[in-house]
Amino acid sequence: MNTKELDKEYVAGTYKRFPVEIVSGKGSVVCDPDGKQYIDMGSGIGVTAFGIADDQWKAAVTEQLGKVQHMSNLYYTQPCAVLAKMLCEKTGMSKVFFSNSGAEANECAIKVGRKYASDKYGAGRSTVITLENSFHGRTLTTLAATGQEHYHELFQPLTPGFVSVPANDFAALEKAAREYNAAAVMVECIQGEGGVIPLEADYVKAVREFTEKNDMIMIVDEVQTGNGRTGQLYSYMNFGIVPDVVSTAKGLGGGLPLGATLISDKCKNVLGFGDHGSTFGGNPVSCAGAVSILGRIDDALLASVREKSAWLVKTFTGAPGIESISGMGFMLGLKTTKPAGDVVAKCMENGVLCLTAKDKVRLLPALNIPMDVLEKAADIIKAACV
Ligand SMILES: *Cc1c(COP(=O)(O)O)cnc(C)c1O
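Because the structure is predicted, anything quoted here is derived from the model rather than measured.

Calculation criteria
- Residues numbered from 1 in each chain as written.
- Predicted model: local features only at pLDDT ≥ 70, side-chain atom pairs only at ≥ 80, totals over all residues.
- Heavy atoms only, no water.
- Core = buried A, V, L, I, M, F, W, Y, C linked by side-chain atoms within 4.5 Å.
- Buried < 20%, exposed > 50% of the residue type's maximum accessible area, 1.4 Å probe, protein only.
- Helix = DSSP H or I, 4+ residues; strand = E, 2+ residues; numbered from the N terminus.
- Domains from an automatic or database assignment.
- Contact = heavy atoms within 4.5 Å.
- Near = heavy atom within 4 Å.
- Polar contact = N/O pair within 3.5 Å; in protein donor to acceptor, adjacent residues only side chain to side chain.
- Areas by Shrake-Rupley, 256 points an atom, 1.4 Å probe, with all protein chains shown as cover.
- Pairing = 2+ DSSP bridges.
- Buried area = accessible area lost by both parts, 1.4 Å probe.
- Salt bridge = Lys/Arg side-chain N within 4 Å of Asp/Glu carboxyl O.
- Nonpolar A, V, L, I, M, F, W, Y, C, P; charged D, E, K, R; others polar.
- Phe/Tyr/Trp six-rings, centres within 6.5 Å; stacked < 30°, edge-to-face > 60°.
- Lys NZ or Arg CZ within 6 Å of the ring centre and 35° of its normal.
- Axes fitted to C-alpha atoms, helices over the stretch in contact; angles between N-to-C directions.

A short note on the nonpolar core
Of all hydrophobic cores here, the largest spans 78 residues; its most connected members are Met41, Leu87 and Ile381. Residue contributions to this core peak at eight residues, all from helix α13 (residues 371-385). In this structure, this core is formed jointly by two domains, domain 1 (3-53 + 299-385) and domain 2 (68-296), each of which donates at least three residues. Not counting the four nearest positions on each side in its chain, Ile381 is found in contact with Met41, Phe316, Leu334, Cys347, Val352, Cys354 and Leu363. Residues Tyr116, Phe135, Leu158 and Ile217 belong to the second largest nonpolar core, which totals 22 residues.

This is the structure we're talking about:
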């Protein structure tokens, strides 16, 4: 059996895969078994921040792989400690908990929010307010946090203590937070899976002011938006706020599994010995890769993401078959006249891999995609929209 047949036979049928197998790649170009090349405008859903088999990342990872690939968190390892310092210095946060995925980073964030409230206010203050159309992960708790009913239906009962309210409706959030005596509020500044929809800036500010005033923990889910994706290191930096807790994953490890929950000074002592843990969390190989990634997401790279993004937006604005463009930086959504799935299929045929998000074509290219490659991809995408 070939790969596709083996996969269909033996891998759990949770993914509706595109009819393409990828065997190799370099940077923003990947290759199928017949040698057909594709420009990767999805970067593994925002994971391969510097593309496929990036030389610096690969060197950092293989060097660590030759030293020690895993130690229990009962011992110290350098990459984990160094990465935590980098994350704190770049964000002003005080502590980092490492895990292996976005859902786990969110689980930790929720635990911090709830424990902060119970330490300070006792029982009865545990509800987390989230937004409708959000996406926070696939575990039973992060599904409960996800404000999209269709993800919930088949898996009841979910973890209790989550209430979702419409985005950009501050009055609704305030009402729910008071009614349920909320411990925390959790948002994506740009809803990713929900369709690449940024929150309104005034709303984000109002939520931050409200949570601060009422001593509720504001969690920002930066799993998709983080690590340079939106043209700032973290998307909240576009909104002029500083959350209490930030969760991130996807792009952080550059392609290896790594989640991180960044904890501000206010909450830095909430988690103590035994309160949380992960066997693989902070894995030295993943962390060594992340140190290489994060060290290169500097002001110059972020400026180039913003510039290339502005070029993309200009190219797509008013193009035939493209009705509107949403998002920030290298997290863009195209509302197309044709169904998004048809556009993505046409792009694939012509050598460009794109994603969808709800009814949009979603683009999450590598942060270092060269301009000539981006131009070529944009031409193919435009042609596919007509
Ligand atoms: C992808 C994603 C998650 C889940 O991350 P996993 O690594 O798949 O667990 C959570 N939140 C957001 C905003 C995401 O985009």
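Some points on the site of the ligand
In the neighbourhood of the ligand, the contacting residues comprise Ser101, Gly102, Ala103, Asn106, Phe135, His136, Gly137, Glu188, Asp221, Val223, Gln224 and Lys250. Phe135 places a polar main-chain atom, nitrogen or oxygen, 3.3 Å from a nitrogen atom of the ligand. A distance of 2.8 Å is found between an oxygen atom of the ligand and a side-chain nitrogen or oxygen belonging to Gln224. Protein contact buries 81% of the 380 Å² of open area that the ligand shows by itself.

Some remarks on the side chain of His152
By secondary structure assignment, the location of His152 is in helix α7 (residues 149-152). With a relative accessible area of 8%, His152 lands in the buried category. From its side chain, His152 meets the backbone oxygen of Thr146 in a polar contact 2.7 Å long. Apart from residues no more than four positions distant in its own chain, His152 is found in contact with Leu143, Ala144, Thr146 and Leu158.

Quick word on the sheet that holds strand β2 (residues 29-31)
Here we have four strands laid out as an open sheet, ordered β1-β2-β3-β15, and mixed in their pairing. The sheet is open, and its two borders are formed by β1 (24-26) and β15 (352-353), each paired with just one other strand. Strand direction decides the pairing type here: β2 and strand β3 (residues 37-40), joined by three bridges, are antiparallel. Note on β3: the bridge partner recorded for Cys31 is Gln37.

Notes on unusual backbone geometry
Put simply, Gln156 and Pro157 share a cis peptide bond, and its omega is -5°. Notably, Ser43 is not glycine yet its phi reads approximately 40°, a positive angle. With respect to the element layout, Ser43 can be found in helix α2 (residues 43-46). Look at Ser43 and you get buried, because its relative accessible area is 1%.

Brief notes about the domain arrangement of the protein chain
Splitting the protein chain by domain gives domain 1 (3-53 + 299-385) and domain 2 (68-296). With 26 residues of domain 1 at the interface, the matching set in domain 2 holds 28 residues. Note on domain 1 versus domain 2: buried area summed over both sides is about 2200 Å², and carbon and sulfur give 61% of it. At the boundary of domain 1 with domain 2, the tally comes to one salt bridge. With a shortest N-O distance of 2.9 Å, Glu193 and Arg362 are connected by a salt bridge. At the junction of domain 1 and domain 2, the tally comes to eleven residue pairs in polar contact (both at pLDDT 80 or more). At four residues, the largest contribution of residues to the side of domain 1 that touches domain 2 is made by helix α11 (residues 299-316). Among the residues forming the side of domain 1 that touches domain 2, the class breakdown is 15 nonpolar, seven polar and four charged.

Re the packing of aromatic side chains
Within this structure, the stated rule accounts for three aromatic pairs. Directly above the aromatic system of Tyr121 lies the positively charged group of Arg125, at a separation of 4.1 Å from the ring centroid.

Considering the side chain of Ser264
Note that Ser264 resides in the loop between β12 (259-263) and α10 (284-296). On the basis of relative accessibility, which here comes to 9%, the residue Ser264 falls in the buried class. Excluding anything up to four places from it in sequence, Ser264 contacts Met93, Ser94, Pro243 and Asp244.

Describing the pattern of salt bridges
A side chain of one charge can pair with a side chain of the opposite charge if their charged atoms are brought near each other. According to the stated counting rule, one finds 15 salt bridges in the structure shown. Salt-bridge contacts for Arg17 lead to Asp7; the nearest nitrogen and oxygen are separated by 2.8 Å. Of this pair, Arg17 sits in the loop between α1 (3-10) and β1 while Asp7 sits in helix α1; the two residues are ten residues apart in sequence, bridging distant segments of the chain. Between Arg208 and Asp244 there is a salt bridge, and its shortest N-O distance comes to 2.9 Å. On the criterion of sequence distance, the pair formed by Arg208 in helix α9 (residues 201-213) and Asp244 in the loop between β10 (217-222) and β11 (245-248) is long-range, its members being 36 residues apart.

Side note on the sheet that holds β12
Reading across the sheet, the seven strands line up as β4-β12-β11-β10-β7-β5-β6 and stay open at both edges, with mixed pairing between neighbours. Each end of this open sheet is capped by a strand with a single partner; those strands are β4 (95-99) and β6 (162-165). Strand-to-strand twist in this sheet, taken as the mean axis angle between neighbours without regard to direction, amounts to 20°. Where strand β5 (residues 128-131) lies against β6, four bridges are found, and the strand directions are parallel.

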